[in-house]
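# Residue-level structural notes
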Amino acid sequence: MDKIIVASLILVMAVTASFAETADYGMDSMFIEGVGTRAYAMGNAFAALSDDSEGVFYNPAGLTNLERQHITLLHYPLYEGTLYNSITYALPILDFGSPGFALYRVYTSGIETYDENDFKLGEINFQEYKSTISYAKRLNDDVSFGMNINIFNLNLDKINAFSFGGDVGFLYEPFSFINLGFVVHNLIKPSFTLQNSKEELPMTLTGGLLLKIYSEAFKLNIPFDVVKSEETEFKFRVGTEIMLFDILSLRAGYNDSRISFGGGLSFAGISFDYAYIINEYMDALSRFSLSYKFGLTLPEQEIEKKKALKEQVKKLIEEEFRKKELAKAKTYYDNAYLSYKNGKYEDALNKLSGAFEWYEDYKEAKELKNTINKKLLGRYYDRALKDYNNQNYISALEGFKKVVSIDKNYENVKIYMERVNEKMKMKGSAREYFSKGVELFVNNQYDEALSAFNKALQIEPNNSMIKKYITKARAKLRESAGGKVLSAMQLAEIKTLYYAGLKKYTAGDLKGAISDWKKVLQINPSDIKTLKSIEKAQAEIAELEKRGIK
């Protein structure tokens, strides 16, 4: 019985051998048909052309030519119900190389078994698997190296054999129109034990040459391979591939007396390929494969890497800068707390505004401000009420605005606010702008307050109260600008330049952002917000340069 099973195995090998090249060196014919369809249609002359996931089989060094992730599924119906299938996958990884994977399967069902007296015993199935793990790396701009680890499993009734082997490949591009390839298959030879016999796959050497002519709409590949096995003479392979607009491909090949034709259609990363093989001894065969390109190219990975690194650096700098901001804000806070302890509440609030400029979310400063505001609330209300009774409505309005900023429901503040607005002799829209300006003014938003006052003045150009508050707002702005008087046009220019820089900063143009912000400092050298932004951007640039990004 065991002898007959082995004989059946030999029969299966003979079937697969019938579509192999000459199959005169052991079981190598099981997987010598390779993967995919593209290379097969070119007579398997692919050692120097290898540029997709099929390179896992033909020349693993070619995986460095992958543009994106690439997967290929092959379906190949053979004779006598035998099926040959494969799947290959590879991907380029920035700063690492190009790993790949392949899985092959040969399967035949319904193999009849007989005993020594020629009586049929039943049927068995035969299958053999091969899996490959690949890795390729560029040694320099012109030379690539690749290697495979292969694992084999053969199963036929009681026979269940495992083995492993290894391949290496090189690819060299001396000129833009020439590639040279060299592959050693089975450098580590797989060895199978079949009952009492042992089979070892021979080492095979393949040298390849590729001539290529590329333009935007047209690509021509003409590959040549020379193959020498330990157990065979030299074999020659030649192929040709014409690609039009990266959509239509036409192919033909010659492989040691076997002729093949084929073509492919590609769209949106998906390719369907077909090969027609003329067999000298048996009927012609058809071969089909489906491929898909997807994912990021290496340049796109480089961009994403820089983006991720910039985000990482940005977070790092923000954390470090937050500590610096907190330290500077704490100086203002300590001075404010000292004024608070001495009963100088309004002076303490002014100093706290400096703390908030450096660190807006300073918890202790917010708590101190709330404490001071509660103490000042009654004082503000009484002072505003006194101004109202003395018919000093503008001062009353400012005082009531301060009260509202702390507690909008405090006593009768809403009623008095309405009365003040009625007392002011302004037109409706001018009154609204003026009232809003006062609210901004008491909250230390002097540039926005000045803008509101100017709008009110455009409606009532002769109103002395509006002019008075414009003067007060400018004085506050001059104080924050270190004594420098800033015109409305300068304030508008500062705002435009700052947000232009902020837009560049958000887009990753740190140097462009700094350039715009420095123009702000030419107008107002004491602008804390701009000084903070420049310091932060400069720290990010320095950190990125440490990490090799300029």
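Structure: above.
For the structure given in this document, a descriptive report is provided here. Just so we're clear, the structure is a prediction, and the values are computed from it rather than from any experiment.

## Here we look at the side chain of Glu 325
Its location among the elements puts Glu 325 in helix α4 (residues 298–341). With a relative accessible area of 11%, Glu 325 lands in the buried category. Residues in contact with Glu 325, not counting those within four places in the same chain, are Trp 358, Tyr 359 and Lys 532.

## A closer look at the environment of Asn 524
If you trace the backbone, Asn 524 turns up in the loop between α13 (510–523) and α14 (528–546). Judged by its relative accessible area of 6%, Asn 524 falls in the buried class.

## Some remarks on the pattern of salt bridges
The full count for this structure, using the stated rule, is 25 salt bridges. Here Arg 251 ties to Glu 241 by a salt bridge, and the two come within 2.8 Å at their closest N and O atoms. Of this pair, Arg 251 sits in strand β13 (residues 248–255) while Glu 241 sits in strand β12 (residues 235–244), placing them ten residues apart in sequence. Residue classification places Glu 241 among the buried residues on the basis of a relative accessible area of 0%. The salt bridge partner of Lys 328 is Glu 535, with a shortest N-O separation of 3.6 Å. With Lys 328 in helix α4 and Glu 535 in helix α14, the pair connects residues that are 207 residues apart, well separated along the chain. Among the residues examined, Lys 328 registers a relative accessible area of 33% and is labelled partly exposed. Counted as one network, the salt bridges with shared partners bring together Arg 38, Asp 51, Asp 52, Glu 241, Arg 251 and Asp 273.

## Some points on the layout of surface pockets
Within this model, the second largest pocket holds a volume of roughly 910 Å³. Lining the second largest pocket are 41 residues, and of these Arg 38, Asp 51, Glu 67, Lys 219 and Lys 293 sit closest to its centre. The class makeup of the residues in the lining of the second largest pocket is 13 nonpolar, eleven polar and 17 charged.

## Here we look at the packing of helix α6 (residues 363–389) against helix α7 (residues 393–406)
Following both chains from N to C, one finds α6 and α7 inclined at 155°, their axes separated by 8 Å at the closest point. Between α6 and α7, the angle is such that the two are roughly antiparallel. Like other packed secondary-structure pairs, α6 and α7 cross with a definite hand, here left-handed. On α7, the residues that touch Asn 373, Leu 377, Tyr 380, Tyr 381, Ala 384, Leu 385, Asp 387 and Tyr 388 of α6 are Tyr 393, Ser 395, Ala 396, Gly 399, Phe 400, Lys 402, Val 403 and Ile 406.

## Comments concerning the environment of Ile 247
Following the sequence through the fold, Ile 247 ends up in the loop between β12 and β13. Between the C-alpha atoms of Ile 247 and Leu 385, which are 138 residues apart in sequence, the distance is 83 Å. Setting aside its immediate chain neighbours within four residues, Ile 247 contacts Gly 264, Leu 265 and Ser 266.

## Things to note about the pairing of β13
Alternating positions in β13 separate cleanly, Ser 249, Arg 251, Gly 253 and Asn 255 being buried on one face and Leu 248, Leu 250, Ala 252 and Tyr 254 remaining unburied on the opposite face. Inspection of the sheet shows β12 paired to β13 by eight bridges, in the antiparallel sense. Each bridged residue has a counterpart across the sheet, and for Gly 239 the counterpart in β13 is Gly 253. The loop that links β12 with its antiparallel partner β13 comprises three residues; one of these, Phe 245, has a positive phi angle of about 55°. In this structure, β13 lies alongside strand β14 (residues 258–267), joined through eight bridges in antiparallel fashion. Its bridge partner lying in β14, Ala 252 is registered against Phe 261. Counting the residues that bridge the hairpin from β13 to β14 gives two residues, and of these Asp 256 lies at a positive phi of roughly 50°.

## Points about the pairing of strand β1 (residues 69–77)
Bridge analysis of β1 against strand β16 (residues 285–294) gives seven bridges, and the strand direction is antiparallel. Bridge pairing in β16 places His 75 opposite Phe 288. Here eight bridges tie β1 to strand β2 (residues 83–90), and the two strands are oriented antiparallel to one another. Paired with His 75 across the bridge in β2 is Asn 85. What sits between the antiparallel neighbours β1 and β2 is a turn of five residues, in which Glu 80 has the positive phi angle 55°.

Rules used in this analysis
- Residues numbered from 1 in each chain as written.
- Predicted model: local features only at pLDDT ≥ 70, side-chain atom pairs only at ≥ 80, totals over all residues.
- Heavy atoms only, no water.
- Helix = DSSP H or I, 4+ residues; strand = E, 2+ residues; numbered from the N terminus.
- Buried < 20%, exposed > 50% of the residue type's maximum accessible area, 1.4 Å probe, protein only.
- Contact = heavy atoms within 4.5 Å.
- Salt bridge = Lys/Arg side-chain N within 4 Å of Asp/Glu carboxyl O.
- 1 Å grid on protein atoms, 1.4 Å probe; cavity = no way out; pocket = protein on both sides within 12 Å on 5 of 7 lines; lining within 4 Å.
- Points joined across faces, edges and corners; volume = space filled by probe spheres on them.
- Nonpolar A, V, L, I, M, F, W, Y, C, P; charged D, E, K, R; others polar.
- Axes fitted to C-alpha atoms, helices over the stretch in contact; angles between N-to-C directions.
- Parallel < 35°, antiparallel > 145°, perpendicular 65-115°, else oblique.
- Left-handed = near helix turned anticlockwise from the far one by under 90°.
- Pairing = 2+ DSSP bridges.

Any functional reading would require information beyond the geometric quantities listed.
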